[in-house]
Amino acid sequence: MVATFTHEWDTPAYKGKTSFPTGVFINGKFVDGSTGASIEVINPTNGKVTTTVSEATEKDVDIAVAAARKAVDTTWGLNVSGAERGALLNKLANLMEEHKGELSALEALDNGKTFNWAYGTDVTFAISVIKYYAGWADKITGQTIETDEKKLIYTRHEPIGVVQGQILPWNFPLLLFTWKIGPALATGNSIVLKPSEFTPLTAIRMAGLIDEAGFPAGVVNVLTGYGQTVGAAISAHMGIDKVAFTGSTLVGRKVMESAAKSNLKQVTLELGGKSPNIIFDDADLEQAVNWAAHGIFWNHGQACCAGSRIFVQSGIYDQFLAKFTAKAQSIKVGDPFHKETDQGPQVSQIQYDRIMGYIDSGRQQGATVHLGGDRFGTEGYFINPTIFTDTKPEMKIVQEEIFGPVGVVIKFEDEEDVIRQANDTVYGLAAAVFSQNLNRALETAHKLKAGTAWVNCVNQLHPNVPFGGYKQSGIGRELGEYAVHHYTNVKAVHVNFGHKQ
């Protein structure tokens, strides 16, 4: 029998209750996984078990793929008009609005991010993404192409169709859930989705809201399981025509290899980053400091686009470092449900240990721990905001993605120097430039090898603006019209009126 998770919050930031089944969601129903096993969900503030959820296996993937195939062939896909798909997505967005506090509280409980950030950013943005793609659902159009007067040629953008295998990370569980399902559902695809085993609660809750909104059974299937079993089965499944993955570059390579070795399924990947944040000596210093702090410490540094390499021109380096240090010291680390908290814990013991390992590496390789570098408190996975100086380009903390509240501040002399350093990375997800000289800012932004370049801001994302990387930061784009094209196949139809053979 499927278990139910019930939790009540009575905190300064939120008061409310949730209750929902914690089974796998297949063909419109919550059921136990095929083996009856479960996964413990850990509270990152104290390391204790919050609840357990059903564990899916390869067999459950097979069952979910069959349900998704049946749905797209009978009750979804081209059997449902774009207007109907859009109406269902709008219903889902409205339900998310009704449950906004609950979803935000689940995100904070599960992931450790603050309730205020979850409510004001993650869930708000997630709702806007679903609304945005609801608007796209009846605007999936092709072209009429002129050749000669004896032929009509047109294109159709059809659902890739049978199934979209989607594998999600743990840093923005709900938000990236919507980034994946929004364009997939708008274009008529069915979905088999695996949330991270570290943060499965909002995905499971969303499955219930999807059912309540009226989506046909089998259109969305949510399987809580481990990457090496469920994730691997999705990547290799012969019945899945596309896989969309967000996570590390290392795992992205495995997903791509598995997709190629199976049925050569289409792949989109949103992967790691080591984003440069370039601050010229003519920047608005106060704003540059504030944005730089947001760039690296937002979401506890657990963001693929985090501005973790902060390049500061020599003329203002000392002044910037002093102000940036003071800003980092002002960040309040603590309980995600306290109103004044800015930064909660890292997501897991594994991630905590990984970050602390990088901090130790920085020390051992000769960098200076200018601030932080230690844990906060005595329980949970809290790490104080950390700043390194006196680094060298070859150091691990400069080259590798740390995915935590750890930034390196690097001095540079001129444009040529900083562009060379900024592009000295295998990643190319995002970059930022701060200067009051827009010619200089734009010329620099255009020379940076990154999929997103922010000028005088960082970490700004919108539902209608594409997001994705160059180099080893991924393939394809999330969000905007660009994402829609990753979820359709283009068919050219030739109609002969008068050509004789």
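K.L.:
Help me understand the nonpolar core, please; the structure alone is not making it clear to me.
P.N.:
Within soluble globular proteins, side chains that are nonpolar tend to cluster in buried spots. Counting 86 residues, the largest nonpolar core has Leu92, Met96, Phe215, Ile279, Phe320 and Phe324 as its most contacted members. In this structure, Met96 is in contact with Leu103, Ala126, Ile127, Ile130, Leu174, Thr178, Met206 and Leu209, ignoring residues within four places of it in sequence. Listed in part, the 29 residues of the second largest apolar core include Ile359, Ile402, Val406 and Val433.

K.L.:
Hey, could you run me through the side chain of Ser473 in this one?
P.N.:
Tracing the sequence through the fold places Ser473 in the loop between strand S22 (470-471) and strand S23 (474-475). A relative accessible area of 0% places Ser473 in the buried class. Side-chain polar atoms of Ser473 contact the backbone oxygen of Gly272, separated by 2.5 Å. From its side chain, Ser473 meets the backbone nitrogen of Leu429 in a polar contact 3.2 Å long.

K.L.:
Explain the sheet that holds strand S15 (residues 309-313) here, please?
P.N.:
Backbone hydrogen bonds hold the strands of a sheet together, and the pairing may be parallel or antiparallel. Judged by pairing direction, the sheet is mixed, and its seven strands sit side by side in the order S16-S17-S18-S15-S14-S20-S21 without closing on themselves. This sheet does not close on itself; its edge strands, each paired only once, are strand S16 (368-371) and strand S21 (452-455). Between one strand axis and the next, the sheet turns by 25° as a mean value, whatever way the strands run. In terms of strand pairing, strand S20 (residues 430-434) meets S21 through four bridges, oriented parallel. Paired with Ala430 across the bridge in S21 is Thr452.

K.L.:
How should I be thinking about the environment of Thr155 in this particular structure?
P.N.:
Note that Thr155 resides in strand S8 (residues 151-159). Remark: the alpha-carbon pair of Thr155 and Phe297, spanning 142 residues in sequence, is separated by 46 Å. Aside from chain neighbours lying at most four places away, what touches Thr155 is Gly142, Gln143, Ile145, Val490, Lys491 and Ala492. Polar contacts involving the side chain of Thr155 include one to the main-chain amide nitrogen of Gln143, which spans 2.7 Å.

K.L.:
Explain the layout of surface pockets to me, please; I cannot follow it from the model alone.
P.N.:
The rolling of a water-molecule-sized probe over the atoms marks out the regions of remaining empty space. The space that makes up the largest pocket amounts to roughly 1,100 Å³. Around the largest pocket, the lining comprises 41 residues; the ones closest to its centre are Trp170, Phe245, Gly247, Ser248 and Val251. Mapped onto the lining of the largest pocket, the elements with two or more residues apiece are helix H7 (227-236), strand S12 (242-246), helix H8 (249-261) and helix H11 (349-364). Top element by residues in the lining of the largest pocket is H8. It accounts for seven residues.

K.L.:
Where do I start with empty space enclosed by the protein in this structure?
P.N.:
Considering all chains together, one arrives at six cavities of 30 Å³ or more under this definition. What lines the largest cavity is Asn171, Phe172, Leu175, Leu176, Trp179, Glu270, Trp298, Ala303, Cys304, Cys305, Leu461 and Phe467. The element best represented in the lining of the largest cavity is helix H5 (residues 173-186), accounting for three residues. Among the residues making up the lining of the largest cavity, the classes are represented as 10 nonpolar, one polar and one charged. If you go around the second largest cavity, you meet 13 residues; those closest to its centre are Gly301, Ala306, Ser308, Ile402 and Phe403.

Rules used in this analysis
Residues numbered from 1 in each chain as written. Predicted model: local features only at pLDDT ≥ 70, side-chain atom pairs only at ≥ 80, totals over all residues. Heavy atoms only, no water. Core = buried A, V, L, I, M, F, W, Y, C linked by side-chain atoms within 4.5 Å. Buried < 20%, exposed > 50% of the residue type's maximum accessible area, 1.4 Å probe, protein only. Contact = heavy atoms within 4.5 Å. Helix = DSSP H or I, 4+ residues; strand = E, 2+ residues; numbered from the N terminus. Polar contact = N/O pair within 3.5 Å; in protein donor to acceptor, adjacent residues only side chain to side chain. Pairing = 2+ DSSP bridges. Axes fitted to C-alpha atoms, helices over the stretch in contact; angles between N-to-C directions. 1 Å grid on protein atoms, 1.4 Å probe; cavity = no way out; pocket = protein on both sides within 12 Å on 5 of 7 lines; lining within 4 Å. Points joined across faces, edges and corners; volume = space filled by probe spheres on them. Nonpolar A, V, L, I, M, F, W, Y, C, P; charged D, E, K, R; others polar.

Any functional reading would require information beyond the geometric quantities listed.
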